[in-house]
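Tertiary structure, described
Residues per chain are reported as follows:
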Amino acid sequence: TRCYMFYKCECALQYPSLFSSLRQRRIFLQTSFPGQKFDDCMENEGVVFQSGDARFSVGTDGSIYTQREVAGLSGPVQFTVTASGPHTHVWETTVKLALTGQPTPSPPGNQKENEKEEEEVKASPEFQAPPTVIMFPRQREMSSKVLRRQKRDWVIPPINVPENSRGPFPQMLVSIRSDQDRNISIRYSITGVGADQPPNEVFSIDPVAGKMFVTKPLDRERRSSYHLRAHAVNMNGERVESPIDLYIYVIDMNDNRPEFKNQVYNGSVDEGSKPGTFVMHLAAFDNDDNTTANGMVRYRILSQTPHSPIPNMFTINSETGDIVTVAAGLDREKVSQYSIIVQATDMEGNLNFGLSNTATAIISVTDINDNPPELTSRTFSGEVPENRVNVVVANLTVIDRDQPHSPNWNAVYRIISGDPIGHFTIITDQHTNDGMVTVVKPVDFEQNRAFMLTVVVNNQAPLASGIQSSLQSTSGVTISVVDINEPPYFPTNPKSIRFEEGVPAGTSLTTFSASDPDRFMQQSIRYSKLADPADWLSINNTNGQIITTATLDRESIYVKNNIYEATFLAVDNGSPMASGTGTLQIYLIDVNDNAPSLLPRESQICERINRNAGINITAADTDTDPNVGPFVFELPTFPASIRRNWTVSRLNGDYARLSLRTQYLEPGVYEVPVIVTDSGNPPLSNRSIIKVKVCPCDENGDCTLVGAVAAAGLGTGAIIAILICIIILLSMVLVFVLWMKRREKERQTKQLLIDPEDDVRDNILKYDEEGGGEEDQDYDLSQLQQPDSLEHIISKPPGVRRVDERPIIPESQYPIRPVVPHPGDIGDFINEGLRAADNDPTAPPYDSLLVFDYEGSGSTVGSVSSLNSSSTGDQDYDYLNDWGPRFKKLADMYGGGDDE
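Notes on the structure in this doc start here.

The rules behind the values
- Residues numbered from 1 in each chain as written.
- Predicted model: local features only at pLDDT ≥ 70, side-chain atom pairs only at ≥ 80, totals over all residues.
- Heavy atoms only, no water.
- Helix = DSSP H or I, 4+ residues; strand = E, 2+ residues; numbered from the N terminus.
- Buried < 20%, exposed > 50% of the residue type's maximum accessible area, 1.4 Å probe, protein only.
- Areas by Shrake-Rupley, 256 points an atom, 1.4 Å probe, with all protein chains shown as cover.
- Pairing = 2+ DSSP bridges.
- Axes fitted to C-alpha atoms, helices over the stretch in contact; angles between N-to-C directions.
- Phe/Tyr/Trp six-rings, centres within 6.5 Å; stacked < 30°, edge-to-face > 60°.
- Salt bridge = Lys/Arg side-chain N within 4 Å of Asp/Glu carboxyl O.
- Patch = residues over 30% accessible without salt bridge, like charges linked within 9 Å, V, L, I, M, F, W, Y side chains within 5 Å.
- Disulfide = S-S within 2.5 Å.
- Core = buried A, V, L, I, M, F, W, Y, C linked by side-chain atoms within 4.5 Å.
- Contact = heavy atoms within 4.5 Å.

1. A closer look at the overall build of the protein
Scanning the protein from N- to C-terminus turns up seven helices and 48 strands. By the burial criterion, 33% of the 900 residues in the protein qualify as buried. Accessible area of the protein: about 55,900 Å², with a carbon and sulfur share of 52%.

2. Observations regarding the sheet that holds strand 45 (residues 646–650)
Spatially, the four strands line up as an open sheet ordered 41-43-46-45, and their pairing is antiparallel. One side of each edge strand has no neighbouring strand; the edge strands of this open sheet are strand 41 (597–599) and strand 45. Here the strands of the sheet are splayed against their neighbours by 35° on average, with no regard to which way each runs. With four bridges joining them, strand 43 (residues 615–620) and strand 46 (residues 655–660) adopt antiparallel strand pairing. Counted as the bridge partner of Thr 618 is Tyr 655 from strand 46.

3. With respect to the packing of aromatic side chains
Applying the stated criterion to the full structure yields 12 aromatic pairs. Consider the rings of Phe 314 and Tyr 338, whose centres lie 5.4 Å apart with planes at 75°: the pair is edge-to-face. Here Phe 314, found in strand 21 (residues 314–316), pairs with Tyr 338, found in strand 23 (residues 337–345); they are 24 residues apart in sequence, far enough to count as distant. The same class applies to Phe 314 as to Tyr 338, namely buried. Taking the centre distance of 6.1 Å and the plane angle of 85° together, the rings of Phe 512 and Phe 568 count as edge-to-face. Highlighted residues: Phe 512 in the loop between strand 35 (508–511) and strand 36 (525–531) and Phe 568 in strand 39 (residues 563–572), separated in sequence by 56 residues. With relative accessibility at 0%, the residue Phe 568 sits in the buried group. Each member of the aromatic cluster is reached from another via a ring pair, and the members are Phe 490, Phe 512, Tyr 527 and Phe 568.

4. So, the pattern of salt bridges
The tally for this structure, following the rule as stated, stands at 12 salt bridges. Note that Asp 181 and Arg 177 form a salt bridge whose closest N and O atoms lie 3.2 Å from each other. By relative accessible area, Asp 181 is classed as partly exposed at 29%. Overall, Arg 177 belongs to the partly exposed group, its relative accessible area being 24%. Ionic pairing is found between Asp 535 and Lys 529, a salt bridge with its closest N-O pair at 3.0 Å.

5. With respect to the side chain of Thr 548
Along the chain, Thr 548 turns up in strand 38 (residues 545–548). Here Thr 548 falls in the buried class, since its relative accessible area comes to 2%.

6. Things to note about unusual backbone geometry
Cis geometry is found at the peptide bond from Pro 198 to Pro 199, where omega equals -5°. Here Pro 199 is to be found in the loop between strand 11 (187–192) and strand 12 (203–205). Positive phi values are uncommon outside glycine, yet Glu 201 reaches one of about 60°. Along the chain, Glu 201 falls in the loop between strand 11 and strand 12. Residue class for Glu 201 comes out exposed when judged on its relative accessible area of 59%. One non-glycine residue, His 405, lies in the positive phi region at around 60°. Locating His 405 in the fold gives a position in the loop between strand 28 (398–399) and strand 29 (411–417).

7. Overview of a nonpolar patch on the surface
On the surface, Leu 729, Val 733, Phe 736, Val 737, Trp 739 and Met 740 cluster together to form a nonpolar patch covering roughly 590 Å² of accessible area. Tracing the chain through its elements places Val 737 in helix 4 (residues 716–749). Val 737 sits in the partly exposed class, given a relative accessible area of 36%.

8. Examining the state of the cysteines
The full count for this structure, using the stated rule, is one disulfide. The disulfide bridge from Cys 606 ends at Cys 697, spanning 1.9 Å between sulfur atoms. Across the disulfide from Cys 606 to Cys 697, rotation about the S-S bond amounts to roughly -110°, and the bridge is consequently left-handed. Here the residue Cys 606 occupies a position in strand 42 (residues 602–606), and Cys 697 occupies one in the loop between strand 48 (685–695) and helix 3 (705–711), the gap between them amounting to 91 residues. Classification of Cys 606 as buried rests on a relative accessible area of 10%.

9. Focus on the sheet that holds strand 27 (residues 392–396)
Spatially, three strands are ordered 27-31-30 in an open sheet, and the strand pairing comes out antiparallel. If you trace the sheet from one side to the other, it starts and ends with strand 27 and strand 30 (424–428), each paired once. Put simply, the sheet's adjacent strands are angled 25° from each other on average, direction ignored. Bridge count for strand 30 against strand 31 (residues 435–439) is five bridges, and the pairing is antiparallel. By the bridge assignment for strand 31, Ile 426 is matched with Val 437.

10. Some remarks on the nonpolar core
Formed by 25 residues in total, the largest nonpolar core has its most connected members in Phe 203, Met 212 and Ile 248. Breaking this core down by element, the ones donating at least two residues are strand 9 (159–162), strand 10 (171–177), strand 11, strand 12, strand 13 (211–214), strand 14 (225–233) and strand 15 (239–251). The leading source of residues in this core is strand 15, at five residues. Excluding residues within four positions of it along the chain, Ile 248 makes contact with Ile 159, Val 161, Leu 173, Phe 203, Met 212, Ser 224, Ser 225, Tyr 226 and Leu 228. In terms of nonpolar packing, the next biggest core, distinct from the first, is built from 24 residues, Met 280, Leu 282, Ala 284 and Ile 340 among them.

Here it is, written out as structure tokens:
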């Protein structure tokens, strides 16, 4: 409840309050007054309560206690309680206490009302009837001479109204009146939520009598309280009293069932759990007031399915909704799921007065590893071909009663003995849980004909506490090795040998033989050549001897890094035959069999001697050390002009400089021979030619363009001739381009005699002739063609024939078109030509009998005579007038209009 104190401090008094009301309520005297709460807006720091009656005391929490025996009290007790603190002034209230069972004296006129009110209090302890009449606080006057402290206004106690009242409505709650209504006419009104604010008209007031009514049933779940203000004004609308606050609380009724959020809840508990193990939590919500019995929900279990091992394996905390186990014996392998019906009831679980609802709890019994895996047999067997890997040789089966495809069920196999090298491993099948013994390293029949393995199986998850491994978790596996024909192998592969290059054909290099690993099989091996890039070798097919068939050359393109490789094949005569390959590597030692060659082949030099001018030369040799450099460069003695014009000076072991000996040499191209000798044993020499262009140079020592051309052998006349030819060619291209542009311009400026829009000349289009029907392909196409002479007609055998000849008479003369026609004479010119063509017997078509050959019968194509027009009635062709002059004739022939 809110109130405004004397010093304008807003304080909160929670109902029922120590500062109760102007209308003193009946309060039954007990050992202590129920705890009241007071808030001074400063967290009650240092607040002190004082009682005006020495027989009663007030605690720090607002509780009223008796100080002595009160058995001698003969009537109600009334005293004042004050509250004071460092941050506030003093507040006061009056408390009236009555003996239990003794009514409070009341004026005679209100006796019936008090008796009725007392009955209501006894019938409903939680419901406090509102006061019959609420008076506006009296305005306290202050003397102009004496200053007095004005006491605070009284706080109106809240009005309690039960929800879902059946009426009749409107139902009166209280009467509000002012003590000034004796002198003037007062009009009363109320404002606030529920009166003049949404929801409107829940409460109403008689403006004259001041009686306040509730007009409809209230619902606490929609709104639990209302705050209204009562106003009193005179007939002129002037306020005669300060507004008072009215607090209306809706008293809760048990009109809502507890509701579960879900109809089905899922929980789980490990099998073998001890009693008292938490399983799951269920919660139901009741929209009623949870501070009263209406909203206090209690839980209980109605049924359990199945009843194994006992009907009551679980219990539920009636207040919290926690489900726990109450008995041992949960075994997933026997019962994997329980269904429990849980009932939630309000009114603290009172089945006679409370409302109930139910939900289903599905409890899954989760698996623990309480069943060790057991192999189905004490021994297993299998066999494996030798030299095979990734092959399943045996399948181990196991039984595990735990939940399939869980860590408690998944099997893990280990080989604990019989395979020290690790030839085998066991892979678990994820679907069947079987163990597949797989070969991971090839086995050799000649070394091990059988393996005796000891296998143990466990689960991925460790066994539960107190569970021992089964004796059937260990088994023996016997694996037999099957002998197969293994291919021959070369003990040294690849095999390397060293020889000097130049070994002649027919030289025996080595014996490249293979071995057969099958010691228990008597087999022979034959050899053949598989790869010999240069075709230098051959092999004996029985003993593997390698013989050269050509000279070995280290400088061959088939030799890489001085090594030549050849591959050979060894095949046994087993069943089936098996083969193996071997590689022979021949390291060829270099001999000095290649003379050096001069580099570069071409160069240029200035015509005049220069200190820094010269050509750096070197040599290339396909041999290797020590059969290459340092090289010796020298000029031959013949012809003598070589040494007279040129000289060679050594720079280092691999380079020398070729330069002019004379001060000036005529520009041109000179072939200078140079002899190059390597350092081999014995050394080899080579006479090479270098082409040197001697040319004039600029100040930087570089050949000029003219000099370079002159050095190439072209004179000044030749250069001028070339330039003249280029100029003539460019001129011809320019003239051709100008001629083309002029011709295009003339074509564009040429005027047409007839406007293209009026050009309606007809053209005769000649199409190919068609043959006879589909069943008549034997015909003479010449009968459909115009004969060139009459002899063809005369010599034709009697029968049906085509006569279409041009008459042999002088041709008619047609009018000559004037050279410069006038546009007005075009019509006359066309009419004269038309008359001449009509009177010309030599113009086609000729007036003669046209007889065509028989085309045959049986054509699948229908007769043309069967075609007819699908249009009926008149058709409007006037739209042809809109298509331009080309369709004007058709518009005149078929268009609408009067016939001339």
